[in-house]
Amino acid sequence: MPVRHCAAPPGLTRLSREFTVAAGRFAPGHLGELTQVVPFELVDAVLEENGCVQHRLRDLPSRVGVYFLLAMCLFPEVGYRLVWNKLTTALTSAGLDVAGPTAKALRDLRRRVGPAPVRRLFEVLAGPLAQPTTAGVRFGRFRTVSFDGCSSIRLADTQRNVGWFGPGGRGGCPMLELMTLVETGTRSLIGAVFGPTDTGETAYARRLLHHLGPDMLLLWDKGFDANAFLAALTGTGAQFLGRIRANRRTPVLARLGDGSYLSVIGTVPVRIIEAKVTVTLDDGTSFTGNYRLATTLTCANRYPAAALAALYHERWEHESAYFALRHTLGQGRPLRSGDPVGVEQEMWAQLTLYQALRTVMVQAAESRPGIDPDRCGFTIARQAARDLVVQAAGITTAPVPGTIGVIAQCVLAGLLPPRRPRVSTRKVRSSVSRYAERQDDGRPDRSRMVTRLDVAILKPASQPPPLPASSRDDRNVSPDQRRRHRILDLLQDDPTRLWRPSEIAAHFGDITLHTMYRQLSRWAETGLIHKLGPGLYAATAWTSTPLPPAEIP
């Protein structure tokens, strides 16, 4: 950046800085060095494509409005006027005459731009960022990607938002459901959809299937193993590796040498891997967990079961992407928009800004061969981008070939250490959550380092019970029916015991006490179980010989 030394009194040095911005009323329209990722020509093109270019040149052109939206997401802690000051401070200091709009004028600018060009801007920037030689992004010839939803993005608690997205739980803010397809190695966004939380994750994921291709290996967690969804997924040509539900019944068609077996889910041929994972922590304690994975990579010689079980851990990179989006970029604040159109526009702007930052971070990692992109700090990139917006630096001056920009330099100067294995228990802090008192499963209550990880592939039984020729999905059974089966089985196991609702709720750990009281009372009225005293229940078969009153505790 050119610097001029000007005449000054002895002992002082006066410095002035030269920078380049757009001409005239377009000057406030920039995003610092990120403008090179979101250039003027691209913004003008998406505005023209969606018919959002101003009909006459105003003090606040539409191009300036798009950059204001992105800056608004980069500075979520301040209001409209202060965001505008971030964009124009360096310009006014240099003597440029820029507009000084009111907050209302900036709101009107948002309405004039609308959500369509911002959505199109995201669609242009979205996509895989890693090159074939980028470290940590591939499994064999496949690029690893993942599906996951996020239903904890809070919105402004206004009547219009509540009417569209629904009220928040227990008087909280309304929530937005976000579903994304992420490149796990770089955490970049390939596609995204969002809307009300009452629409299922699978329905949202279907709208992203067109982004998949034959060179991708999709990772997903429990909840996406519906028969029809997997059939549609297989039609894209992509392979998948995902965790399946415990109630999914998979027939054993052929046993393989590594302990896995061939099966079928609906009409999709798959390979099932059942693994027992033992985690040893740095304090000497350990705990175990069982995983059932289904994959279309059916060749055990080329894709060993142990390697696939270890690869599945990469799915959690998606959680890191959501943490960066919600907490680092959004600072955990609700979106500021008070109506559904504004929410849509702001969400697309936030996703666009996130992808622009990831683009620069991946470029930084690829400038040093062998650097894994997950060592690049999102917080460092965000802070450097904020500083450059205030300075109006690097707007049009691209780095010399073979060099990198200021944001990339900051990222490389603060590289995180190589990823260390650790474990952390997911917690929900809400006092009314059914997970408030987590069952003692041996997992630590805080993040701890993992010193050893043992994966044992479990072989199917030598003489498995007869199973149908296709996989069965028990999710057509309603939640009430599942709950009833579990509770009746518990009461029948010990028909001479009197159970209190609190004891049954504590036994299962995932049923609230309020639900337990309501269900037991309803079942006792219909004769499904028997009530033998205040808050005391037993199996119906035991009611033929009731206890005398003196023996009821």
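Structural notes, computed from the coordinates.

Residues other than glycine seldom take positive phi values, yet Arg187 does so here, at roughly 65 degrees. Judged by relative accessible area, which is 9%, Arg187 ranks as buried. In this structure, Ala392 takes a positive phi of about 55 degrees despite not being glycine. Following the sequence through the fold, Ala392 ends up in the loop between helix 12 (378–391) and helix 13 (406–413).

Under the defined criterion, the tally for this structure stands at twelve aromatic pairs. Relative to Tyr67, the ring of Phe40 lies with its centre 6.0 Å away and its plane at 90 degrees, an arrangement referred to as edge-to-face. Of this pair, Phe40 sits in helix 1 (residues 40–49) while Tyr67 sits in helix 2 (residues 62–74); the two residues are 27 residues apart in sequence, bridging distant segments of the chain. Both residues of the pair, Phe40 and Tyr67, belong to the buried class. Among the aromatic residues, ring-to-ring pairing joins Phe122, Phe194 and Trp348 into one connected group. The ring of Tyr291 has Arg243 lying over it, and the distance from NZ or CZ to the ring centre is 4.2 Å.

Moving on, we get to the side chain of Arg315. Mapping Arg315 onto the fold places it in the loop between helix 9 (305–311) and helix 10 (317–329). A polar atom in the side chain of Arg315 sits 3.5 Å from the side chain of Asp148.

It is worth spelling out the packing of helix 12 against helix 13 at this point. Where helix 12 meets helix 13, the closest approach of the two axes is 9 Å, and the angle between their N-to-C directions is 145 degrees. Relative to helix 13, the crossing made by helix 12 is right-handed. Of the residues in helix 13, those touching helix 12 at Ile380, Ala381, Ala384, Ala385 and Leu388 are Val406, Ile407, Cys410 and Val411. Split into classes, the residues belonging to the contact of helix 12 with helix 13 amount to nine nonpolar, no polar and no charged.

Conventions adopted
Residues numbered from 1 in each chain as written. Predicted model: local features only at pLDDT ≥ 70, side-chain atom pairs only at ≥ 80, totals over all residues. Heavy atoms only, no water. Buried < 20%, exposed > 50% of the residue type's maximum accessible area, 1.4 Å probe, protein only. Helix = DSSP H or I, 4+ residues; strand = E, 2+ residues; numbered from the N terminus. Phe/Tyr/Trp six-rings, centres within 6.5 Å; stacked < 30°, edge-to-face > 60°. Lys NZ or Arg CZ within 6 Å of the ring centre and 35° of its normal. Polar contact = N/O pair within 3.5 Å; in protein donor to acceptor, adjacent residues only side chain to side chain. Axes fitted to C-alpha atoms, helices over the stretch in contact; angles between N-to-C directions. Left-handed = near helix turned anticlockwise from the far one by under 90°. Contact = heavy atoms within 4.5 Å. Nonpolar A, V, L, I, M, F, W, Y, C, P; charged D, E, K, R; others polar.

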